[in-house]
Amino acid sequence: MATPLEFTEATRERAAEILDRYPDEYRKSAVVPLLHLAQEEWGYVSPEAMACVARLIGCSPVKVAEIATFYPMFNREPVGEHVLAVCHTLPCALTGCGSVFDHLSEKLGIGLGETTADGRFTLRKSECLAACDRGPVLLVNRRLHTHVSPAKVDEILAELDKG
Amino acid sequence: MAAPLEILTAPLPAETDPGDIDAYLAGGGYGAVRKALKSMSQAELIEEINASGIKGRGGAGFSTGMKWNLCADRFPRYLCANADESEPGSFKDRLLLESKPHQIIEGMIITSYALGINLGYIYIRGEFFQIIDQMEAALADARKHGFLGADILDTGYDLELYVHPGAGAYICGEETGLIESLEGNRPYPRLKPPYFPAAIGLWGQPTIVNNVETMAQITTIVDMGAEAYKAIGSEEDTTGPRLFGLCGHVNKPGIYEYDSEVTLRELIYDAAGGIRDGNRLKGVIPGGISAPILTPEEIDTPMGFGALGKLGSMGGTGGIIVMDETTSMVDALLNASSFAAHESCGQCTPCREGVPWMNDILRRIRNGQGREEDLDLLLDVCKQIHGHTVCVFGQAPGVWPVRTILVKYWPEFRACIERKELVVPPLEESYLRPDQYEHIPPVPGNFRLKTEEADAAG
């Protein structure tokens, strides 16, 4: 059997701080915030990561799996170094998100939900990101880009290439 | 022309970091907290909010004072501020979270104090990474300055507030779904009754779930006083300032602050600078994607919750999606339906099965493979879902857009089916006038289309 995954010391401290936010008898409330930590640490939430979160909470791994499999933000498989999510809900559709997605898809040579062969980029669509006055919008990792056009996509990709 | 307001949207001094508590304090920030905790009793505060006439800004337009009054006489009680803003077309909460985090925290402190709450959470949708970071920092600063923690402002009152992040599920904005999510369960909305978490909420205790804009407005009410607050807008409909977010095919998309008396026409043509390229309006969704669409003849309406309700639509979140004459309503509805199909939580069969089914039907119509019976089938599926689910999701984003866009733009959908391709008819031929179909109240079982006349018009 594989060695159980454990958070690094720094992440364990953050996990303890998160658990402190909830009454001790309701530690399970921390499951979503702790899954976010796991995803930050390992890039995705594997069954081993779920087991790690379950140990911190003191519940069975399946209880964590039940939550991790519900929310779209939790990656269940490895993703690219950069995750690009194009909002495709109505207000962004009205302002041209289709051409943004198509341009990204063509530039990266991947389709919806795919990751480039070099593991650098994953391309997704997102539901409404609540910035409808600044559409089309594109979420790149943790950062929201607004008024995105195919030309701006080129700039964003160049910036990511510079690292 | 109604006059724009600058109450919630008051600009920050130049070069100010919205999260900077020192700048906020210098501008009189946390004055409302001082006033409430130092000079008002809990009963006086509750009375102040009742007197203000404020209706909650989360979308349902329910009286905030009444919600508070429903709080069961049990302790501990909890507060959840709802910052899970996910309704397509809505972006007012983002604006407040980005620009006024401390005003939201103030409202949460005042609300908690008024109701004897010692622990609260602000539930922020997971995709708001930068907002979550800023709010965490703002809460830490508030704690450092003695506005949170033990013995706040030497009053003996204790309160802790924390951020709780979501993870990309629309259903967590439904207040009982939010509570389930906060408890660490799948966020399936709870069966009603009890109708209000104020009776049984988080961890089985009385819980107030208020939208973050409502929280910011509580600060405003305490700051200006209920008398001045209720002078804004209309006491019969909605008091206080409203935030209207215009997006889609307008020249100047953005958030505009007015009272509820402003008309939809004024918002589109005056505030937001009219339609792009001088095009004509085809349709407008007045309060987030769930709000039934209005046609060009219906925009001379005030934006109050009651006024829009009379038109068979709703005020919702104030997120206004404007579509010009080049828009395919079949595409627009397919998009709205795809959102609903993706976000149905799956708890109730009518919604889990019915909403994606409608999405499939709409997709085949859009792709030129629509069948003769499809429009009636869509209406029938709507009827099967409406009122047959635990929460309002099945009908709000699920049914209402289908029912109203389909009925009002019936000729356009008919044209797509008859010509077996996506067509955008000339504006005049694309929609029905209000006298060509029966009024569409958003209640189940009371839904008829004058089909013969509709067909004749198509």
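Residues numbered from 1 in each chain as written. Chains lettered and ligands numbered in written order. Predicted model: local features only at pLDDT ≥ 70, side-chain atom pairs only at ≥ 80, totals over all residues.

This paragraph deals with the overall build of chain B. Helix and strand counts for chain B stand at 18 helices and nine strands. Its C-alpha atoms give chain B a radius of gyration of 23 Å, within 12% of the compact-globule value 23 Å for 458 residues. Counting only C-alpha atoms, chain B reaches 75 × 45 × 35 Å along its principal axes. Expressed as a percentage of the 458 residues in chain B, the buried residues total 57%. Contacts spanning at least 24 positions in sequence make up 71% of the contacts within chain B whose residues lie at least 6 apart. (Helix = DSSP H or I, 4+ residues; strand = E, 2+ residues; numbered from the N terminus. Rg over C-alpha atoms; globule rule 2.2 N^0.38 Å. Buried ≥ 20, exposed ≤ 12 C-beta atoms within 10 Å, placed from the backbone. Contact = placed C-beta atoms within 7 Å.)

Moving on: the interface of chain B and chain A. In this assembly, 43 residues from chain B lie in contact with 30 residues from chain A. Elements with a contribution of two residues or more to the side of chain B that touches chain A: helix H5 (92-99), strand E4 (157-165), helix H8 (175-182), strand E6 (242-248), strand E7 (254-258), strand E9 (319-324) and helix H13 (329-343) of chain B. The greatest single-element share of the side of chain B that touches chain A, amounting to six residues, is contributed by H13(B). Residue classes in the side of chain B that touches chain A are distributed as 20 nonpolar, 16 polar and seven charged. (Nonpolar A, V, L, I, M, F, W, Y, C, P; charged D, E, K, R; others polar.)

Residues and elements named next belong to chain B. Strand order in the open sheet formed by four strands is E7-E6-E9-E8, and the pairing between neighbours is mixed. Edge positions in the open sheet fall to E7 and strand E8 (281-285), since each of these has one partner strand only. Strand-to-strand, the axes of this sheet are offset by a mean angle of 25°, without reference to chain direction. Note: E6 against E9, four bridges, orientation parallel. The residue of E9 that forms the bridge with Gly-245 is Gly-319. (Pairing = 2+ DSSP bridges. Axes fitted to C-alpha atoms, helices over the stretch in contact; angles between N-to-C directions.)

All right, on to the pairing of strand E1 (residues 82-87) of chain A then. All names here are of chain A. Taken together, the six bridges between E1 and strand E2 (residues 121-126) define a ladder with parallel strand orientation. Counted as the bridge partner of Cys-87 is Ser-126 from E2. When E1 meets strand E3 (residues 138-140), the two strands line up antiparallel, connected through three bridges. Residue Ala-85 lies in a different strand from E3, and its bridge partner there is Leu-139.

All names here are of chain B. Judged by pairing direction, the sheet is mixed, and its five strands sit side by side in the order E3-E4-E2-E1-E5 without closing on themselves. Of all the strands in the sheet, just strand E3 (149-152) and strand E5 (207-211) have a single pairing partner and so form its edges. Between one strand axis and the next, the sheet turns by 25° as a mean value, whatever way the strands run. Sheet topology places strand E1 (residues 78-83) next to strand E2 (residues 119-124); six bridges connect them, and they run parallel. In the strand pairing of E2, Ala-81 is matched with Ile-122. Running at roughly 90° to E5, helix H9 (residues 212-224) makes contact with E1, E2 and E5 of the sheet.

Moving on, we get to the confidence of the model for chain B. Residues and elements named next belong to chain B. With 95% of its residues at a pLDDT of 70 or more, chain B shows a mean pLDDT of 93. In the predicted structure, residues 441-448 sits below a pLDDT of 50 and forms ten contacts with residues beyond four places in sequence or in another chain. Predicted confidence for residues 453-458 stays below pLDDT 50, and this span has 13 contacts to residues more than four positions away or in other chains. (pLDDT = per-residue confidence, 0-100.)

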